[in-house]
Amino acid sequence: MPESNRGVALGASAFLLWGFAAMYWPFLSASEPAEILAHRMVWALAAMCVFLLLARRGRAWLLPLLRSPRRLLPVAAAAVLISLNWWGFIYSVSTTQTLQASLAYFINPLMTVCLGVVFFAERLRTAQWVAVGLGAAAVVVMTVAYGSTPWLSLLMASSFAAYGAVKKYVSLDGLQSLTVETLVMFLPALGYVVYLEVTGSGTAFSVSPGHTALLIGGGFVTALPLLLFGMAARRVPLSVIGMLQFIAPTMMFLIGWLLQGEEMPLSRWVGFGFVWLAVCVFAYDQVRSSRRRSAERTATGGLPDAPTTPPAPSPRE
């Protein structure tokens, strides 16, 4: 299989797993979202250590990082932001609000480009402004449809967009970065798990062996798609990754609507219609921009492209 095709297959597999994750966390309904999140942090660190060993990554990079507050601070900020994102996702799918998770990851790329404008002085093309405007209209329509602001969607989208922005300052690869992020949150998460078990409020060992296995498996549910994504990102252009990322929210929408039976009145269809139109405009602009840059490279004999606004990082990066 050609390397590019292998990259597309790996990327699609990562986003399919992220989509199916919407069906994983509801199996842990005996636990509160905060407890699930704490276990996810604890076991994600264990999973990342396993993957680091399989990838034959040494530990030489870790101690210098921990001794450098300047390098550690953005990783710690990323850890807090991704934890907030994880909690929002777990809460939404566990309380049968999967459509809010779907909405979040559809509008996340639009929030990402807005952060690029505000904090990195990036310039948006006309089509990107149109997509952002359609996304804003979708939020307004969804606010009317839900009878209140879809705060879960906005929380997940904004926290992950901010996470992607902070990652610009992290000088680690994907495996190393997530390992340190889970390491930063490990002690608070472990302390919370121990507290729940000591006070009798925990469910790790009091429900069933299957429940315990699912809590432990949450770490690998977190880490495996990240590993696949990292492998894909090295094989295909970011524009391709940007297109593949819409697999996950599409699956979440279908799971929420068809499997979990969430209501879809006309107002929500209209809201998602605005979202999908924004996604189409965004995707068209990405493809057109990618083709233009390829043509410019050919015309200039393969000189590097000028920096442009990249597509949003994947959910669960």
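Now for a quick tour of the structure. As the structure is a prediction and not an experimental result, all values here were calculated from the model.

**Some points on the packing of aromatic side chains**
Counted by the stated rule, this structure contains 18 aromatic pairs. On the numbers, 5.3 Å between centres and 35 degrees between planes, the contact of Phe160 with Tyr163 is tilted. Here Phe160 pairs with Tyr163, and both are found in helix 7 (residues 151-166), just three residues apart, close to one helical turn. For Phe160, a relative accessible area of 0% translates into the label buried.

**Things to note about the pattern of salt bridges**
Counting across every chain of the model gives three salt bridges. In this structure, Arg288 and Asp285 form a salt bridge, with 3.4 Å as the shortest nitrogen-oxygen distance. Of this pair, Arg288 and Asp285 both sit in helix 12 (residues 266-299), separated by three residues, roughly a single helical turn. The class for Arg288 is partly exposed, based on a relative accessible area of 39%. Classification of Asp285 as buried rests on a relative accessible area of 0%.

**Description of helix 2 (residues 33-54)**
For helix 2, with 22 residues, the first-to-last C-alpha span of 30 Å sits near the 32 Å given by 1.5 Å per residue. Among the residues trailing helix 2, Arg56 stands out with phi positive, at a value near 60 degrees.

**Points about the side chain of Ser159**
Locating Ser159 in the fold gives a position in helix 7. Among the polar contacts listed, one links the side chain of Ser159 to the backbone oxygen of Leu155, at a separation of 2.8 Å. Non-local contacts of Ser159, meaning those with residues more than four positions away in its chain, are made with Leu81, Leu84, Asn85 and Leu154.

**Observations regarding unusual backbone geometry**
Positive phi, normally seen in glycine, also occurs at Thr96, with a value near 55 degrees. Tracing the backbone shows Thr96 in the loop between helix 4 (69-94) and helix 5 (98-120).

**As for the packing of helix 2 against helix 4**
Running from N to C, helix 2 and helix 4 cross one another at 130 degrees; their axes reach a closest spacing of 9 Å. The orientation of helix 2 with respect to helix 4, classified from their angle, is oblique. Two packed elements cross with a definite hand, and for helix 2 against helix 4 that hand is right-handed. Contacts from Pro33, Ala34, Ile36, Leu37, Arg40 and Met41 in helix 2 reach Ser83, Trp86, Trp87, Ile90, Tyr91 and Ser94 in helix 4. For the contact of helix 2 with helix 4, the residue count by class is nine nonpolar, two polar and one charged.

**A word on the packing of helix 5 against helix 11 (residues 247-259)**
Where helix 5 contacts helix 11, the two axes come as close as 8 Å, and the packing angle between them is 160 degrees. The angle between helix 5 and helix 11 places the two elements in the roughly antiparallel class. Note on packing geometry: the crossing formed by helix 5 with helix 11 is left-handed. Of the residues in helix 11, those in contact with Thr98, Leu99, Ala101, Ser102, Tyr105 and Phe106 of helix 5 are Pro249, Thr250, Met252, Phe253, Gly256 and Trp257. When its residues are assigned to classes, the contact of helix 5 with helix 11 shows eight nonpolar, four polar and no charged.

Rules used throughout
- Residues numbered from 1 in each chain as written.
- Predicted model: local features only at pLDDT ≥ 70, side-chain atom pairs only at ≥ 80, totals over all residues.
- Heavy atoms only, no water.
- Phe/Tyr/Trp six-rings, centres within 6.5 Å; stacked < 30°, edge-to-face > 60°.
- Helix = DSSP H or I, 4+ residues; strand = E, 2+ residues; numbered from the N terminus.
- Buried < 20%, exposed > 50% of the residue type's maximum accessible area, 1.4 Å probe, protein only.
- Salt bridge = Lys/Arg side-chain N within 4 Å of Asp/Glu carboxyl O.
- Expected span 1.5 Å × (residues − 1).
- Polar contact = N/O pair within 3.5 Å; in protein donor to acceptor, adjacent residues only side chain to side chain.
- Contact = heavy atoms within 4.5 Å.
- Axes fitted to C-alpha atoms, helices over the stretch in contact; angles between N-to-C directions.
- Parallel < 35°, antiparallel > 145°, perpendicular 65-115°, else oblique.
- Left-handed = near helix turned anticlockwise from the far one by under 90°.
- Nonpolar A, V, L, I, M, F, W, Y, C, P; charged D, E, K, R; others polar.

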